[in-house]
Amino acid sequence: MEGLGLSSFQNLQALSDLLSTHQEEDDDDDEGYKNGAAYAQMGPGQIGPPPQTSKDKQVSTAYMKKNSKDIWSEEEVAEDSQYDDFSDPRPQPEYEIILKQNVGAEDLFLGLSRKDPSSMCCEAMLVKIKLPDTKATDVALDVKEKFLDLRTPKYKLGLHLPHPVHREEGTAQFYREREELEVTLLMNRPMDSINLQ
């Protein structure tokens, strides 16, 4: 643009005039003085439309407290908290959650199925619960989509599961010699059809 006779300041001034929304009056005949004074005061913040004043800004409604008598919002309440029973004095048994995946030779040696050791590639969840001095007939087990409820005469366990599961497709097996209940639950996640191909 130097070949066309325009300086870099004139390019900046022309760009500012194009992007600004207000029209300035050109009553001053001394063009050199006007350009020099504008050049001294102009910075990157002067390009484009003028900034909005504080009275024009609208406050986001995401952080505003609602004008209701609610003590807390639905987002603040833990999911499945209605299953928690704090009045029951029975102790919670020891438990362990293990994520499982079906791995074949093509996965192990060739890596053909895009499986990796992350939890996103796991198909099932194994919950091992230690129940000393308990018979298999004394165990009452109820599985919801994200909650496992186990009751025995000596123990109670209300476990919030880390992933949603198919509540009807699980299996449970009690090992008398180890005094342990193993519950295998198939996971139900929205992206499983993509991740597990």
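Rules behind the numbers
- Residues numbered from 1 in each chain as written.
- Predicted model: local features only at pLDDT ≥ 70, side-chain atom pairs only at ≥ 80, totals over all residues.
- Heavy atoms only, no water.
- Salt bridge = Lys/Arg side-chain N within 4 Å of Asp/Glu carboxyl O.
- Helix = DSSP H or I, 4+ residues; strand = E, 2+ residues; numbered from the N terminus.
- Buried < 20%, exposed > 50% of the residue type's maximum accessible area, 1.4 Å probe, protein only.
- Pairing = 2+ DSSP bridges.
- Axes fitted to C-alpha atoms, helices over the stretch in contact; angles between N-to-C directions.
- Core = buried A, V, L, I, M, F, W, Y, C linked by side-chain atoms within 4.5 Å.
- Contact = heavy atoms within 4.5 Å.

Undergrad: Got a minute to help me understand the pattern of salt bridges in this structure?
TA: Pairs can form between side chains of opposite charge whenever their charged atoms are close. Counted under the stated rule, the structure contains 6 salt bridges. Of the charged contacts, one joins Lys130 and Glu180 as a salt bridge, the two residues approaching to 3.2 Å between their closest N and O atoms. Highlighted residues: Lys130 in strand β2 (residues 124–130) and Glu180 in strand β7 (residues 180–186), separated in sequence by 50 residues. Relative accessible area serves as the criterion here: at 40%, Lys130 is assigned to the partly exposed category. Glu182 is paired through a salt bridge with Arg178; the nearest N and O atoms lie 3.4 Å apart. We classify Glu182 as buried; its relative accessible area is 14%. Residue classification places Arg178 among the partly exposed residues on the basis of a relative accessible area of 39%. Salt bridges sharing common partners tie together Lys130, Arg178, Glu180 and Glu182.

Undergrad: Explain the sheet that holds strand β6 (residues 171–175) to me, please; I cannot follow it from the model alone.
TA: One key point about sheets: their strands pair by backbone hydrogen bonds, in either a parallel or an antiparallel sense. Spatially, 4 strands are ordered β1-β2-β7-β6 in an open sheet, and the strand pairing comes out antiparallel. Edge strands, defined here as strands with exactly one partner in the open sheet, are β1 (95–100) and β6. Each neighbouring strand pair of the sheet contributes to a mean axis angle of 15°, computed without reference to strand direction.

Undergrad: Where do I start with the nonpolar core in this structure?
TA: Soluble globular proteins: nonpolar side chains tend toward being buried together. Membership of the largest hydrophobic core comes to 18 residues, with the highest contact counts inside it found for Ile129, Leu131, Leu148, Leu150, Leu161, Leu181 and Leu185. Looking at this core, the elements that each hand over two or more residues are β2, β4 (147–151), β5 (156–160) and β7. Setting aside residues no more than four positions away along its own chain, Leu185 makes contact with Glu123, Ala124, Met125, Val143, Leu148, Leu161, Val165 and Gly170.

Undergrad: Explanation requested: the pairing of β4 in the structure shown.
TA: Two faces, one strand: in a regular strand the side chains alternate between the faces of the sheet. Counting buried positions along β4 gives 4 out of 5 residues, so the element sits mostly inside the fold. Relative to β4, strand β3 (residues 140–143) runs antiparallel, the two being bridged by 4 bridges. Paired with Val143 across the strands is Leu148, a residue of β4. Adjacent in sequence and paired antiparallel, β3 and β4 are bridged by 3 residues.

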